[in-house]
Amino acid sequence: MSDISALFRPFSLGKLELANRVVMAPMTRNQSPENIPGEKSLEYYRRRAAGGCGLIITEGTCVNHIAANGYPDVPYFWGEERLAAWQKIAEAVHAEGGKIAPQLWHCGGMRRAGTPPEGDVNGYTPSGMNVPGKVNRHIMSKEDIADVVRAFAEGAADAKRLGFDAVEIHGAHGYIIDQFFWEGTNQREDEYGGSLENRGRFGVEIIEAVRDAVGPDFTVLL
């Protein structure tokens, strides 16, 4: 187990070709005033690529939905100025020989009403719960579900257009997709709740919409 040479071998998956198998995990940094990643963020990612990281997955970056954000000073992945900033980051990483994927993020019930800049908008969840048994968030309608699915697809399409190398859908850690997966926070009685297959339907619809948005050859991570 002391031989780590495999980490430094090239890796390919479809059209994604990496110089090595070192992947940087997403880490929220709260350093994007007005939800725009600035020069500090650019330099942060550039240095990681210069250090030899094969693939960088960015910190969670919020999709274009009114309740996607749950924390101050996190970046968004929509809007002309924000996307232009992300494009500069991708270009800086590429200039150092690295590859980069944005992590598309919706905080779901982890959002609390009052979180800026959206203010009084409450968190959106499958059954109004951020923890099992406590209804204190917005219960998503089917229209809400469709809106969030579209937001992820829109973000993925923008990632490809801006020159990113892949896209990651954040489906863990108690955020919106994960809240649909878990029976404790998903008490719906329609096709999005009940059986494991139904609780997974929201995630599947997001994956399918993202794939339709980016085509067959762009790498999609979950």
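Data block above holds the structure.
Residues numbered from 1 in each chain as written. Predicted model: local features only at pLDDT ≥ 70, side-chain atom pairs only at ≥ 80, totals over all residues. Heavy atoms only, no water.

Here we look at the overall build of the protein chain
Along its length, the protein chain carries 6 helices and 11 strands. Taken against the 2.2 N^0.38 rule, which gives 17 Å for 222 residues, the C-alpha radius of gyration of the protein chain at 18 Å falls within 12% of a compact globule. With respect to the three principal axes, the spread of C-alpha positions in the protein chain is 50 × 35 × 35 Å. Buried positions account for 50% of the 222 residues belonging to the protein chain. Considering only contacts within the protein chain whose residues lie at least 6 apart along the sequence, 66% involve residues at least 24 apart. Total accessible area computed for the protein chain in this model is approximately 10,600 Å², and 53% of it derives from carbon and sulfur atoms. (Helix = DSSP H or I, 4+ residues; strand = E, 2+ residues; numbered from the N terminus. Rg over C-alpha atoms; globule rule 2.2 N^0.38 Å. Buried < 20%, exposed > 50% of the residue type's maximum accessible area, 1.4 Å probe, protein only. Contact = heavy atoms within 4.5 Å. Areas by Shrake-Rupley, 256 points an atom, 1.4 Å probe, with all protein chains shown as cover.)

Overview of a nonpolar patch on the surface
A cluster of nonpolar side chains, namely Ile-4, Leu-7 and Phe-8, defines an oily patch on the protein surface of about 300 Å² accessible area. For Leu-7, the location among the structural elements is in the segment before β1 (11-13). Classification of Leu-7 as partly exposed rests on a relative accessible area of 38%. (Patch = residues over 30% accessible without salt bridge, like charges linked within 9 Å, V, L, I, M, F, W, Y side chains within 5 Å. Salt bridge = Lys/Arg side-chain N within 4 Å of Asp/Glu carboxyl O.)

Focus: unusual backbone geometry
Of note, the bond from Pro-116 into Pro-117 is cis; its omega dihedral lies within 30 degrees of zero at 0°. The backbone of His-173 shows a phi angle near 60°, a positive value even though the residue is not glycine.

Quick look at the packing of helix α3 (residues 142-162) against helix α6 (residues 201-214)
Helix packing for two helices is described by the angle between their axes and how far apart those axes are. One way to put it is that α3 packs onto α6 with a least axis distance of 8 Å and a crossing angle of 35°. Between α3 and α6 lies a crossing of right-handed hand. Residues Ile-145, Val-148, Val-149, Phe-152, Ala-153, Ala-156, Ala-157 and Lys-160 of α3 pack against Phe-202, Glu-205, Ile-206, Ala-209, Val-210, Ala-213 and Val-214 of α6. A breakdown of the residues in the contact of α3 with α6 according to their chemical character gives 13 nonpolar, no polar and 2 charged. (Axes fitted to C-alpha atoms, helices over the stretch in contact; angles between N-to-C directions. Left-handed = near helix turned anticlockwise from the far one by under 90°. Nonpolar A, V, L, I, M, F, W, Y, C, P; charged D, E, K, R; others polar.)

Overview of the pairing of strand β5 (residues 99-105)
Here β5 lies mainly inside the structure; 6 of its 7 residues are buried. Where strand β4 (residues 55-62) and β5 come together, 6 bridges link them in parallel fashion. Bridge pairing in β5 links Leu-55 to Lys-99. With helix α2 (residues 80-95) bridging β4 and its parallel neighbour β5, the resulting β-α-β unit is right-handed. Two elements, β5 and strand β10 (residues 166-169), share 2 bridges in a ladder whose sense is parallel. In the strand pairing of β10, Gln-103 is matched with Glu-168. (Pairing = 2+ DSSP bridges. Right-handed = clockwise from strand over helix to strand, strands pointing away.)

Let's talk about the sheet that holds β5
As summarised here, the arrangement of the 5 strands in space is β3-β4-β5-β10-β11, forming an open sheet in which the pairing is parallel. Only two strands of the sheet have a single partner each, and these edge strands are β3 (23-24) and β11 (219-221). Strands β4 and β5 of the sheet are contacted by α2, whose axis makes an angle of about 150° with β5. Taken strand by strand, α6 contacts β10 and β11, and its axis lies near 165° from that of β10.

Topic: α2
An ideal rise of 1.5 Å per residue puts 22 Å on 16 residues; α2 measures up with 23 Å between its terminal C-alpha atoms. Taken together, the buried positions of α2 are Arg-82, Leu-83, Ala-85, Trp-86, Ile-89, Ala-90, Ala-92 and Val-93. Buried residues belonging to α2 abut α1 (39-50), β4, β5 and α3. One or two residues past the end of α2 sits Gly-97, with phi positive at roughly 90°. (Expected span 1.5 Å × (residues − 1).)

Quick look at the pattern of salt bridges
Oppositely charged side chains are able to pair whenever their charged atoms sit close together. Overall, the coordinates contain 8 salt bridges when judged by the stated rule. The shortest N-O distance in the salt bridge between Asp-217 and Lys-15 comes to 3.5 Å. Taken together, the positions of Asp-217 in the loop between α6 and β11 and Lys-15 in the loop between β1 and β2 (16-18) put the pair 202 residues apart, joining distant regions of the chain. The class for Asp-217 is partly exposed, based on a relative accessible area of 45%.

Side note on the nonpolar core
Within the largest apolar cluster, 50 residues are counted, with the highest numbers of intra-cluster contacts made by Tyr-45, Ile-56, Phe-77, Phe-152, Phe-164, Phe-202 and Ile-206. For this core, the secondary-structure elements that each account for two or more residues are α1, β4, α2, β5, α3, β10, α4 (176-181) and α6. Beyond its immediate stretch of four places on either side in the chain, Phe-164 contacts Phe-77, Trp-86, Ala-90, Ile-100, Ala-101, Pro-102, Ala-159 and Phe-218. (Core = buried A, V, L, I, M, F, W, Y, C linked by side-chain atoms within 4.5 Å.)

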